[in-house]
Amino acid sequence: MDTMRKFIYLGLVAVWCASPTVSLAGKCSGTNINNLVSWDPSEIAKGTTLAIMRATSVSVSDDPRAANHLISGECIGQFLITPDGKTVASGSCARRDKDGDVLNEEWVATDGTGNKGTWKNVGGTGKFSHTRNSGQFEFSPLQGKMGAVRWVGNCQ
C-alpha cells in the first residue's frame, strides 16, 4: 500500500509540474497598428505588378500582460498582383520590446486580396527566442498611410 501511495503522489507531482506548461498555451489576440513607409510597385509585364512594402508597426495585445504587448518594429512584404486582380502576398516583421528583445514574425496572405491570411512567430532573441505562436490576421485600412491588422491565434 505504501508503494501505491508513493506512486500516486509521484503522479500528482508530475501533473502539477506539467500544468504550468500546458496553461501557457492558449488563445491570444490583438491589433497591430501599421504605418506605411514605402510602397514600391514595378510592372513586370502588362497587368502583372510586383510591389515591395515597408511599414512600421506597433503590436497591441488584448492582454496587456502579454510579452508581445506594445512591441514595435518594422515589416517588409512583397505583393504580386496578377492581371485577374488576384494578390499573392507574404512578408516578415521584427519587433522589439522595451528590454531590447526581438520577436520575429512571418505572414502569408491567403485570400487572394492580400488582406487576410496566416501568421506565425519564428523565434527571436531573449524571452522570444523559443516563441512559436501562430494564427490568422485581417488587414483594415485606416486614414492616410495607417492600417490596422487584427490578429487571433494560439500563443505559448
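In the block above lies the structure referred to throughout.
Presented here is an overview of the structure given in this document.

Reading the values: the criteria
Residues numbered from 1 in each chain as written. Predicted model: local features only at pLDDT ≥ 70, side-chain atom pairs only at ≥ 80, totals over all residues. Heavy atoms only, no water. Salt bridge = Lys/Arg side-chain N within 4 Å of Asp/Glu carboxyl O. Helix = DSSP H or I, 4+ residues; strand = E, 2+ residues; numbered from the N terminus. Buried < 20%, exposed > 50% of the residue type's maximum accessible area, 1.4 Å probe, protein only. Pairing = 2+ DSSP bridges. Axes fitted to C-alpha atoms, helices over the stretch in contact; angles between N-to-C directions. Phe/Tyr/Trp six-rings, centres within 6.5 Å; stacked < 30°, edge-to-face > 60°.

### A look at the pattern of salt bridges
Turning to step 1, where the next piece is worked out: Counted under the stated rule, the structure contains eight salt bridges.
Turning to step 2, where the next piece is worked out: Here arginine 54 and glutamate 74 are joined by a salt bridge, their closest N and O atoms 2.7 Å apart. Here glutamate 74 lies in strand S3 (residues 71-81) and arginine 54 lies in strand S2 (residues 48-61), a separation of 20 residues in the sequence.
Turning to step 3, where the next piece is worked out: We note a salt bridge from aspartate 99 to lysine 127, for which the minimum N-O separation is 3.0 Å. A residue pair is termed long-range when its members are at least 10 positions apart, and aspartate 99 in the loop between strand S4 (87-96) and strand S5 (102-109) and lysine 127 in the loop between strand S6 (116-124) and strand S7 (134-141) qualify at 28 residues.
Turning to step 4, where the next piece is worked out: Relative accessible area serves as the criterion here: at 53%, aspartate 99 is assigned to the exposed category.
Turning to step 5, where the next piece is worked out: The partly exposed category is assigned to lysine 127, whose relative accessible area is 40%.

### A closer look at the sheet that holds strand S8 (residues 146-155)
Turning to step 1, where the next piece is worked out: One closed barrel accounts for eight strands, arranged S1-S2-S3-S4-S5-S6-S7-S8; its pairing is antiparallel. Neighbouring strand axes in the sheet, compared pairwise and without regard to direction, differ in orientation by 25 degrees on average.
Turning to step 2, where the next piece is worked out: Where S6 lies against S7, five bridges are found, and the strand directions are antiparallel. In the sheet register, glycine 117 faces S7, and the bridge partner there is phenylalanine 137.

### Some points on the packing of aromatic side chains
Turning to step 1, where the next piece is worked out: Counted according to the given criterion, the structure contains four aromatic pairs.
Turning to step 2, where the next piece is worked out: Here the aromatic rings of tryptophan 39 and phenylalanine 79 are separated by 5.1 Å at their centres, their planes lie at 55 degrees, and the arrangement is tilted. Of the two residues, tryptophan 39 sits in strand S1 (residues 26-45) while phenylalanine 79 sits in strand S3, which places them 40 residues apart along the sequence.
Turning to step 3, where the next piece is worked out: Residue tryptophan 39 is classed as partly exposed on the basis of its relative accessible area of 38%.
Turning to step 4, where the next piece is worked out: Here the aromatic rings of tryptophan 107 and phenylalanine 137 are separated by 6.1 Å at their centres, their planes lie at 85 degrees, and the arrangement is edge-to-face.

### Some points on the pairing of S7
Turning to step 1, where the next piece is worked out: Two strands pair when backbone bridges link them, and S7 and S8 are joined in this way by eight bridges, in the antiparallel orientation. If you follow phenylalanine 139 over to S8, its bridge partner there is valine 149.
Turning to step 2, where the next piece is worked out: In textbook terms, the turn of a hairpin is the stretch between consecutive antiparallel strands, and for S7 and S8 this stretch comprises four residues, one of which, glycine 144, has a positive phi near 60 degrees.

### Some thoughts on unusual backbone geometry
Turning to step 1, where the next piece is worked out: Even without being a glycine, leucine 70 presents a positive backbone phi close to 65 degrees.
Turning to step 2, where the next piece is worked out: Accessibility expressed as a relative area gives 54% for leucine 70, which makes it exposed.

### What to know about the environment of histidine 130
Turning to step 1, where the next piece is worked out: Of note, histidine 130 is situated in the loop between S6 and S7.
Turning to step 2, where the next piece is worked out: Through-space distance from the C-alpha of histidine 130 to that of glutamine 156 is 9.4 Å; in sequence the pair is 26 residues apart.

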